[in-house]
Amino acid sequence: MDWLEKGNEYLQLGIEKAIFYLPRIIIAGLILWIGFRVVKKLVQIVGTALERTGFSETLRPFLSSTVGIILKGAVLFAIATVLGADLTGLVAILAAAGFAVGMALQGSLGNFASGILILTLKPYKVADWIQVEDKFGRVEEIGIFSTDVLTPGNKILIIPNSKITDSVVTNFSEKGMIRLELEVTMPYEESFPRVQEIIQESLVGIPHILEEPKPEIGIKNFDSHNVQLTVRPYVLPDYFWDVTFASNSAIKKAFNRNNVKVAYSEGVEIGKIGE
């Protein structure tokens with residue numbers, strides 16, 4: 001009869017456990033069902049709020065999903081607590097793991113934080129021409145960790161976002177136009193008003209040079225052989241290199257037609273300039 005007594009004992013224990021856990025299981029199920037529905041609604045509200053406040057399209061889905069993961073984690077944590085699970089050890093393990101991962105991904109987390117700042121503050125946007133230190137090009141994509149920049153040489157630069165937020169960023173597209181800085185020299189014996197007029201006329205008709213503001217031509221400096229001039233036409237950012245090459249070519253031809261001499265770097269003799 002021992003097996004019968006043992007069976008009754010296990011049956012009684014099972015009934016007691018069922019009576020103890022059944023209400024908790026029901027409550028946990030309700031928390032799971034209601035909690036996930038509430039989380040879904042809150043994520044939708046957060047997404048709508050981010051859209052209304054003008055957050056980037058790249059950043060909105062990421063923030064919404066992050067909020068959803070955190071809230072769902074809180075719901076699961078509440079369910080585990082209702083079921084009587086001891087989460088002290090789990091919390092300690094997660095904290096240690098989080099610290100270790102944070103140390104290992106310190107650089108990536110810095111890029112991530114910088115990406116959030118860039119997407120939120122919007123110092124530049126896709127298709128803007130920017131310069132970061134000596135890196136110049138058009139923004140192709142703004143990511144969470146890096147920004148892709150297309151150089152005039154048709155190369156893609158993948159610049160870490162932390163490097164961008166730690167540097168001075170020049171946005172050439174912010175004002176809708178940029179000013180070129182072209183360097184030209186003339187000999188001391190030449191008349192500056194004459195050369196200035198020659199350069200001014202050479203720029204007329206070059207495609208994409210803006211009529212307003214008018215190009216600026218002035219004396220920048222004096223060296224041992226030449227008078228150094230600066231020519232500053234205004235262009236749209238997309239035509240930076242086209243106008244640079246066309247302007248230099250037009251100025252050289254104009255100097256040749258008008259017999260403007262220059263001092264070559266090999267010496268101080270004044271010589272003619274060819275086509």
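Structural notes, computed from the coordinates. (Residues numbered from 1 in each chain as written. Predicted model: local features only at pLDDT ≥ 70, side-chain atom pairs only at ≥ 80, totals over all residues. Heavy atoms only, no water.)

## Things to note about the overall build of the chain
Okay, so step 1: Scanning the chain for helices and strands turns up seven helices and twelve strands.
Okay, so step 2: In the chain, once contacts between residues fewer than 6 apart in sequence are set aside, the share between residues at least 24 apart is 60%.
Okay, so step 3: As presented, the chain carries roughly 17700 Å² of accessible surface, and 62% of it is formed by carbon and sulfur atoms. (Helix = DSSP H or I, 4+ residues; strand = E, 2+ residues; numbered from the N terminus. Contact = heavy atoms within 4.5 Å. Areas by Shrake-Rupley, 256 points an atom, 1.4 Å probe, with all protein chains shown as cover.)

## Brief notes about the sheet that holds strand β5 (residues 169-171)
Okay, so step 1: If you walk across this open sheet you meet the five strands as β4-β3-β2-β1-β5, and the pairing is antiparallel. Each having just a single partner strand, β4 (156-160) and β5 make up the two edges of the open sheet. Strand-to-strand twist across the sheet, computed as the mean angle between neighbouring axes with direction ignored, equals 40°.
Okay, so step 2: Pairing of strand β1 (residues 129-132) with β5, which is carried by three bridges, proceeds in the antiparallel orientation. Considered in β5, the bridge of Gln 131 is made with Thr 170. (Pairing = 2+ DSSP bridges. Axes fitted to C-alpha atoms, helices over the stretch in contact; angles between N-to-C directions.)

## Re the side chain of Asn 161
Okay, so step 1: Mapped onto the secondary structure, Asn 161 falls in helix α5 (residues 161-165).
Okay, so step 2: Among the residues examined, Asn 161 registers a relative accessible area of 0% and is labelled buried.
Okay, so step 3: At 2.9 Å, the side chain of Asn 161 and the side chain of Thr 147 are in polar contact.
Okay, so step 4: Setting aside residues up to four positions removed in sequence, Asn 161 forms contacts with Asn 111, Ser 114, Gly 115, Ile 118, Tyr 124, Gly 143, Ile 144, Phe 145, Ser 146 and Thr 147. (Buried < 20%, exposed > 50% of the residue type's maximum accessible area, 1.4 Å probe, protein only. Polar contact = N/O pair within 3.5 Å; in protein donor to acceptor, adjacent residues only side chain to side chain.)

## Structural notes on the packing of helix α6 (residues 192-203) against helix α7 (residues 240-257)
Okay, so step 1: The N-to-C vectors of α6 and α7 enclose an angle of 130°; their axes lie 9 Å apart at closest approach. With respect to α7, the element α6 is oriented oblique. Here α6 runs over α7; the crossing is right-handed. On the side of α6, the interface is formed by Val 195, Ile 198, Ile 199, Ser 202 and Leu 203, while α7 contributes Ser 247, Ala 250, Ile 251, Ala 254 and Phe 255.
Okay, so step 2: When grouped by side-chain class, the residues that make up the contact of α6 with α7 number eight nonpolar, two polar and no charged. (Parallel < 35°, antiparallel > 145°, perpendicular 65-115°, else oblique. Left-handed = near helix turned anticlockwise from the far one by under 90°. Nonpolar A, V, L, I, M, F, W, Y, C, P; charged D, E, K, R; others polar.)

## Observations regarding the pairing of strand β8 (residues 216-222)
Okay, so step 1: Looking at chain direction, β8 and strand β9 (residues 227-232) are connected through six bridges and run antiparallel. Bridging across to β9, Ile 219 finds its partner in Leu 229.

## Brief notes about the sheet that holds strand β7 (residues 182-186)
Okay, so step 1: What the three strands build is an open sheet, ordered β7-β9-β8; its pairing is antiparallel. Strands with a single pairing partner mark the edges of an open sheet, and in this sheet they are β7 and β8. The sheet shows a mean angle of 30° between the axes of neighbouring strands, taken without regard to direction.
Okay, so step 2: Contacts between α6 and the sheet are confined to β7, β8 and β9, with β8 contributing the most and set at about 135° to the helix.

## Description of the pattern of salt bridges
Okay, so step 1: Under the defined criterion, the tally for this structure stands at ten salt bridges.
Okay, so step 2: The salt bridge involving Glu 183 is made with Lys 220; its shortest N-O contact spans 3.3 Å. Of this pair, Glu 183 sits in strand β7 while Lys 220 is found in strand β8, placing the two residues 37 residues apart along the sequence.
Okay, so step 3: By relative accessible area, which is 46% here, Glu 183 ends up partly exposed.
Okay, so step 4: Ionic pairing is found between Arg 232 and Glu 216, a salt bridge with its closest N-O pair at 3.8 Å. One end of the pair, Arg 232, is in strand β9; the other, Glu 216, is in strand β8, and 16 residues separate them in sequence.
Okay, so step 5: The class for Glu 216 is partly exposed, based on a relative accessible area of 33%. (Salt bridge = Lys/Arg side-chain N within 4 Å of Asp/Glu carboxyl O.)

## Considerations on the nonpolar core
Okay, so step 1: With 27 residues, the main nonpolar core has Ile 199, Leu 229, Val 231 and Phe 255 as its most contacted residues.
Okay, so step 2: Every element with two or more residues in this core is listed here: β7, α6, β9 and α7.
Okay, so step 3: In terms of residues, this core owes the most to one element, α7, which gives six residues.
Okay, so step 4: With eleven residues, the next largest nonpolar core counts Ile 130, Ile 142, Ile 144 and Ile 159 among its residues. (Core = buried A, V, L, I, M, F, W, Y, C linked by side-chain atoms within 4.5 Å.)

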